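Residues per chain are reported as follows:
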Amino acid sequence: MLQKEKEIGLRAVGAAMAMAAAIQKEMTGSDTLTKSDRSPVTIADFAAQALICRALGAHFPGVPIVGEEDSQALRLPENREIFARIVRYLKHYDPALDEKLICDLIDMGGDRPDGTFWTLDPIDGTKGFLRGEQFAIALALIQDGRVVLGILGCPNLPAGSGGTLFWAIRGMGGWQIPAKGGIAARVHASARTETPQMKFVESYESSHSDKHTQLEISRRLNISSPPEQMDSQVKYGIVASGLAEIYLRIPNPATPDYREKIWDHAAGSLIVEEAGGRVSDIEGKPLDFAKGKTLADNRGILATNGAVHGRVLEIIAELAKGK
Ligand code: AMP
Ligand code: MG
């Protein structure tokens, strides 16, 4: 079940990882533009979305793709040079690709979430990508509001290794393989139950969560080292493979109306669950992927090894009551 989706998805994400890693090494300041929500987008975001949509469209025509990017900004005259760089990277994969075809590929990701669909974050953690740090390429297949396949490419995990690909098919465990090739191995969330030795991870960007409260929670858990910051769904990969026990994302009080995007959590959450961990929102509710492009009915995210999940939820509830 879903074997073809997994194989094609792994191949596409693997190719996009290699391309993104090459772009990251060669990045210059002029390779970035700013979207209308003021978030940055790079040539790698567009090129990776085009490459992955090309593979999905060829093998699974008719299955909608809900991707983070669209080609609108690329069509502006001031972004002509950026566009030319994207074309140059993509011509390595298919010399027939021209500007028109590339815009069409990127815009294949403009579908509405409905029934069975793919969701894609071509570069998750663009700010980490720009700092030369962690980022991820995240692809998931959602069926009727449930994530059934998650693929997560982490090009800089571990640093300097060539990267790791994680995946999970619902009911079939979480897996990883070195991006350079090798043997696939099961991943298992940490079996640790004593909190002082636990590792706690959170976003690097201060505006993406409530670091103040998260630090207080790690103190109440008696965790000896402070939360470690890193960008992107790499945090889910770290929890799934037992390298950390807690990934917490409490909404930042400055953006109370922000709703998590499905492509920021679909792949990673399934991989953690299939590795034996637990994922919910900060009230303990399961993530509901049937509410459109956002997790409209959820607040924040908690992903853990399972053992500590209930305790973290209790502390969050205590703090919410002002205790
Ligand atoms: P991370 O590196 O874990 O913070 O994840 C990066 C993702 O955070 C980006 O892809 C954005 O979609 C998302 N993001 C942007 N603004 C916010 C916000 N105010 N609160 C939570 N997440 C956000
Ligand atoms: Mg993202």
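Worth saying up front: this structure is predicted, and the values here are computed from it rather than measured.

**Examining the pattern of salt bridges**
Throughout the structure, instances matching the rule amount to 17 salt bridges. A salt bridge links Asp94 to Arg54, with the shortest nitrogen-to-oxygen separation between them at 3.4 Å. Here the residue Asp94 occupies a position in the loop between helix H3 (80-91) and helix H4 (99-107), and Arg54 occupies one in helix H2 (residues 43-59), the gap between them amounting to 40 residues. It is possible to trace a salt-bridge network through shared partners that takes in Glu216, Arg219, Arg220, Arg311, Glu314 and Glu318.

**What about the site of ligand 1?**
Around ligand 1, the surrounding shell holds 13 residues, and the nearest of these are Ser203, His208, Ser232, Lys235 and Asp264. At 3.2 Å, a side-chain N or O of Thr255 approaches a nitrogen atom of ligand 1. Burial of ligand 1 by the protein chains amounts to 85% of its free accessible area of 500 Å². Considered class by class, the residues forming the shell around ligand 1 number two nonpolar, five polar and six charged.

**Structural notes on the pairing of strand S12 (residues 246-249)**
What you see with S12 is no split at all: Ile246 and Leu248 on one side and Tyr247 and Arg249 on the other are buried throughout. Here two bridges tie strand S10 (residues 200-202) to S12, and the two strands are oriented parallel to one another. Opposite Phe200, over in S12, you have Ile246 as the bridge partner. Where S12 lies against strand S14 (residues 301-304), four bridges are found, and the strand directions are antiparallel. When the bridges of S14 are listed, Tyr247 appears paired with Ala303.

**Regarding the packing of helix H1 (residues 3-26) against H3**
Their axes nearest at 11 Å, the elements H1 and H3 cross at an angle of 135°. Taken as axis vectors, H1 and H3 run oblique relative to one another. Of the two possible hands of crossing, H1 and H3 adopt the one that is right-handed. When H1 is examined against H3, the residues Met19, Ala22, Ile23 and Glu26 are found in contact with a partner set consisting of Arg85, Tyr89 and Leu90.

**Considerations on the sheet that holds strand S6 (residues 146-154)**
Ordered in space as S3-S4-S5-S6-S7-S8-S9, the seven strands form an open sheet in which the pairing is mixed. Edge positions in the open sheet fall to strand S3 (65-67) and strand S9 (185-187), since each of these has one partner strand only. Put simply, the sheet's adjacent strands are angled 20° from each other on average, direction ignored. Alignment of strand S7 (residues 164-169) against strand S8 (residues 174-178), held across five bridges, turns out to be antiparallel. Paired with Trp167 across the two strands is Trp175, which belongs to S8. H1 contacts strand S4 (116-124), strand S5 (136-143), S6 and S7 of the sheet and is inclined by roughly 30° relative to S6. Helix-sheet contacts for H2 involve S3, S4 and S5, and the interaxial angle to S4 is about 150°.

**Topic: the coordination of the magnesium ion (ligand 2)**
Within the protein, Asp121 (OD), Asp124 (OD) and Asp264 (OD) serve as the donor atoms for the magnesium ion (ligand 2), at 2.0 to 2.3 Å. Motif for the magnesium ion (ligand 2), donor spacing along one chain: D-x2-D-x139-D. Overall, Asp124 belongs to the buried group, its relative accessible area being 8%.

**Considerations on the sheet that holds S10**
Hydrogen bonds along the backbone pair up the strands of a sheet, which may run parallel or antiparallel. If you walk across this open sheet you meet the five strands as S11-S10-S12-S14-S13, and the pairing is mixed. On the outer flanks of this sheet lie strand S11 (228-229) and strand S13 (278-280), each paired with one strand and no other. Both S10 and S11 contribute to a ladder of two bridges, which runs parallel. Residue pairing in the sheet places Glu202 in a bridge with Gln229 of S11. Relative to S10, helix H6 (residues 211-220) is tilted by about 175°, and along the sheet it contacts S10, S11 and S12.

Conventions adopted
Residues numbered from 1 in each chain as written. Chains lettered and ligands numbered in written order. Predicted model: local features only at pLDDT ≥ 70, side-chain atom pairs only at ≥ 80, totals over all residues. Heavy atoms only, no water. Salt bridge = Lys/Arg side-chain N within 4 Å of Asp/Glu carboxyl O. Helix = DSSP H or I, 4+ residues; strand = E, 2+ residues; numbered from the N terminus. Near = heavy atom within 4 Å. Polar contact = N/O pair within 3.5 Å; in protein donor to acceptor, adjacent residues only side chain to side chain. Areas by Shrake-Rupley, 256 points an atom, 1.4 Å probe, with all protein chains shown as cover. Nonpolar A, V, L, I, M, F, W, Y, C, P; charged D, E, K, R; others polar. Buried < 20%, exposed > 50% of the residue type's maximum accessible area, 1.4 Å probe, protein only. Pairing = 2+ DSSP bridges. Axes fitted to C-alpha atoms, helices over the stretch in contact; angles between N-to-C directions. Parallel < 35°, antiparallel > 145°, perpendicular 65-115°, else oblique. Left-handed = near helix turned anticlockwise from the far one by under 90°. Contact = heavy atoms within 4.5 Å. Donors = N, O, S within 2.8 Å, 3.2 Å for Na, K, Ca; no water.

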